[in-house]
Amino acid sequence: MEVLETEISVSNKKTNGFFDLNVVKTFSYEEEVEEDLEKGIKGKVAPIKIKKESERIQYNGQIYSFKKDDKYRFLTDYN
């Protein structure tokens, strides 16, 4: 299971009169173990890999411009 957490904050720098936005993405790839009460297995999620990426989004005079990024970081064989 790949999980994406995104944090957005306002920068103290301005572009074209508007504050820039700081975006931090935290990707984690986790292995989930299902709970099985009959066998005494408790469910858990253990993080295997974690990756952080950050970028500053600037106002271009009309909109905040950013590139769409929907690629998976760890699931390379995902269709």
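On a predicted model such as this, the values are computed, not experimentally measured, just so you know.

## Considerations on the overall build of the chain
Link 1 in the chain: Per the secondary structure count, the chain includes zero helices and four strands.
Link 2 in the chain: Reading the helices (α) and strands (β) of the chain from amino to carboxyl end gives β-β-β-β.
Link 3 in the chain: Scored against the burial criterion, the 79 residues of the chain give a buried share of 18%.
Link 4 in the chain: Sequence-distant contacts, at least 24 apart, represent 46% of the contacts inside the chain between residues at least 6 apart.
Link 5 in the chain: Surface exposure of the chain reaches about 6,700 Å², of which carbon and sulfur atoms provide 48%.

## Comments concerning unusual backbone geometry
Link 1 in the chain: You will see that asparagine 16, though not glycine, has its phi angle at about 55°, which is positive.
Link 2 in the chain: With respect to the helices and strands, the residue asparagine 16 is situated in the loop between β1 (2-15) and β2 (18-33).

## A short note on the pattern of salt bridges
Link 1 in the chain: According to the stated counting rule, one finds three salt bridges in the structure shown.
Link 2 in the chain: Linking lysine 25 and glutamate 55 is a salt bridge whose minimum nitrogen-to-oxygen distance equals 4.0 Å. One end of the pair, lysine 25, is in strand β2; the other, glutamate 55, is in strand β3 (residues 44-59), and 30 residues separate them in sequence.
Link 3 in the chain: Taking the relative accessible area as the measure of exposure, lysine 25 reaches 13% and is therefore buried.
Link 4 in the chain: Take glutamate 55: its relative accessible area is 30%, and that puts it in the partly exposed class.
Link 5 in the chain: A salt bridge links glutamate 53 to lysine 51; the shortest N-O distance between them is 3.4 Å.
Link 6 in the chain: Relative accessible area serves as the criterion here: at 35%, lysine 51 is assigned to the partly exposed category.

Conventions adopted
- Residues numbered from 1 in each chain as written.
- Predicted model: local features only at pLDDT ≥ 70, side-chain atom pairs only at ≥ 80, totals over all residues.
- Heavy atoms only, no water.
- Helix = DSSP H or I, 4+ residues; strand = E, 2+ residues; numbered from the N terminus.
- Buried < 20%, exposed > 50% of the residue type's maximum accessible area, 1.4 Å probe, protein only.
- Contact = heavy atoms within 4.5 Å.
- Areas by Shrake-Rupley, 256 points an atom, 1.4 Å probe, with all protein chains shown as cover.
- Salt bridge = Lys/Arg side-chain N within 4 Å of Asp/Glu carboxyl O.

All quantities given are derived from atomic positions and should not be read as evidence of function.
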